[in-house]
Each structure stands twice: as C-alpha cells, then as structure tokens.
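For reference, the chains in residue letters:
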Amino acid sequence: MADTNLFEELKDVLQDFKDFLDENISVIQPAMVALKAIIPDQINDLLSKLIDLINKLKAEIENLDVSTIPGLAEASEFTEKIKAFLEAAKNLLPESSDEINDVLSVADVVTSLPSLDEIKTEIIALLDAIIGHLNTLNS
C-alpha cells in the first residue's frame, strides 16, 4: 500500500492547477468576463471566496514550522503504524468507521509533516502563482 503524503499530494494538485491556468488563462479570462455579465454576484463570489481560501491555506502552510518539533520522525512513524493498524481493523469494526476515519485524517497529517520543510517553499510559490492568476480573472 502506497503511503499518502498530504503535502506531496497538495503540491501535485497545485502544480496541476497552476499549469492549467498557465496554459488556459487567456481563454478563461474572456469567458469569465462574459459570465460576470450574466451572473456577476456568483462569479465574483466564486473568485473572491476561492482567493480567500487559498490565502488561508497559504497562511496555514507558512505558519507550520516542523523543524522545531523534537521526535517528529518517530511521531510520524508512530502515526504510520496507527494508520496500518486501523486500515487492517476497519472491516472488523464497521460501526466505528466514522471514528476510524477521524483518527486516520489526523494520522495522515502527522505522518506527512516531516516532508513539509522539503516542499514548503514550492507549495507557497504555487499558491502565489495561482492567486495571481485568480486575481487576473477577478479584475
């Protein structure tokens, strides 16, 4: 089973989104202008709220400083063991699936934290580029 690294996955999704915008912004922009003429409030909300959410995500990523956490590698390994255990036990405890999913979500984050410092700068740069494109569409 391949391990899910949430920050690598986030970086990959952001890279795909940025690449799409890089290639298609000149086509999307006139479409957004036309859509704003038809449903201005909805398009403005779409872009403004998306920009706000991306800015919140950027702030959260910027505030994560995992370099000062002692024993992070071991904590990550601990949560990896938890994930393996819960995945194996999931079918035996179907009535606890919500609780298991809650624990798995937290474990995914902790397991992924050691890699964050390696790709944090890339994630922030991708977020900035996407915000720039969205601001262009929102103007």
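Residues numbered from 1 in each chain as written. Predicted model: local features only at pLDDT ≥ 70, side-chain atom pairs only at ≥ 80, totals over all residues. Heavy atoms only, no water.

### Focus on the overall build of the protein chain
When you go through the protein chain residue by residue, the secondary structure sums to 5 helices and 0 strands. Helices (α) and strands (β) of the protein chain occur, in sequence order from the N terminus, as α-α-α-α-α. Its C-alpha atoms give the protein chain a radius of gyration of 19 Å, more than 25% over the compact-globule value 14 Å for 139 residues. Viewed in the frame of its principal axes, the protein chain has a C-alpha envelope of about 55 × 40 × 25 Å. Looking at the protein chain residue by residue over its 139 residues, the buried ones come to 32%. (Helix = DSSP H or I, 4+ residues; strand = E, 2+ residues; numbered from the N terminus. Rg over C-alpha atoms; globule rule 2.2 N^0.38 Å. Buried < 20%, exposed > 50% of the residue type's maximum accessible area, 1.4 Å probe, protein only.)

### Describing the nonpolar core
The biggest cluster of nonpolar side chains holds 24 residues, and the ones touching the most others in it are Phe-7, Ile-123, Leu-134 and Leu-137. For this core, the secondary structure elements donating two or more residues are helix 1 (6-38), helix 2 (40-63) and helix 5 (116-138). In this structure Leu-134 touches Leu-47, Leu-50, Ile-51 and Ile-54, once residues within four positions along its chain are discounted. (Core = buried A, V, L, I, M, F, W, Y, C linked by side-chain atoms within 4.5 Å. Contact = heavy atoms within 4.5 Å.)

### Comments concerning the pattern of salt bridges
Tallying each qualifying case throughout the model produces 6 salt bridges. For Asp-128, the salt bridge goes to Lys-58, with nearest N and O atoms at 2.5 Å. You can see Asp-128 sitting in helix 5 and its partner Lys-58 sitting in helix 2, a full 70 residues away along the chain. Classification of Asp-128 as partly exposed rests on a relative accessible area of 35%. Residue class for Lys-58 comes out buried when judged on its relative accessible area of 18%. A salt bridge links Lys-83 to Asp-108; its shortest N-O distance comes to 2.9 Å. Taken together, the residues Lys-83 in helix 3 (residues 72-89) and Asp-108 in helix 4 (residues 97-112) connect sequence positions 25 residues apart. Among the charged side chains, a salt-bridge network with shared partners connects Glu-80, Lys-83 and Asp-108. (Salt bridge = Lys/Arg side-chain N within 4 Å of Asp/Glu carboxyl O.)

### Regarding helix 1
Across its 33 residues, helix 1 extends only 38 Å between first and last C-alpha, which sits more than 12% below the 48 Å expected from 1.5 Å per residue. Along helix 1, the largest kink reaches about 75° and is centred on Asn-24. Where helix 1 is concerned, the buried positions are Phe-7, Lys-11, Leu-14, Lys-18, Leu-21, Ile-25, Ile-28, Met-32 and Lys-36. The secondary structure elements touched by the buried residues of helix 1 are helix 2, helix 4 and helix 5. Its side-chain oxygen 3.0 Å from the backbone nitrogen of Phe-7, Asn-5 forms the N-cap of helix 1. (Expected span 1.5 Å × (residues − 1). Bend = angle between axes of the 7 residues up to and from the residue. Polar contact = N/O pair within 3.5 Å; in protein donor to acceptor, adjacent residues only side chain to side chain.)

### So, a nonpolar patch on the surface
A cluster of nonpolar side chains, contributed by Leu-35, Ile-38 and Ile-39, occupies part of the molecular surface with about 260 Å² of accessible area. By secondary structure assignment, the location of Leu-35 is in helix 1. The exposure class assigned to Leu-35 is partly exposed, which follows from its relative accessible area of 33%. (Patch = residues over 30% accessible without salt bridge, like charges linked within 9 Å, V, L, I, M, F, W, Y side chains within 5 Å. Areas by Shrake-Rupley, 256 points an atom, 1.4 Å probe, with all protein chains shown as cover.)

Honestly, it's all geometry; don't read function into it.
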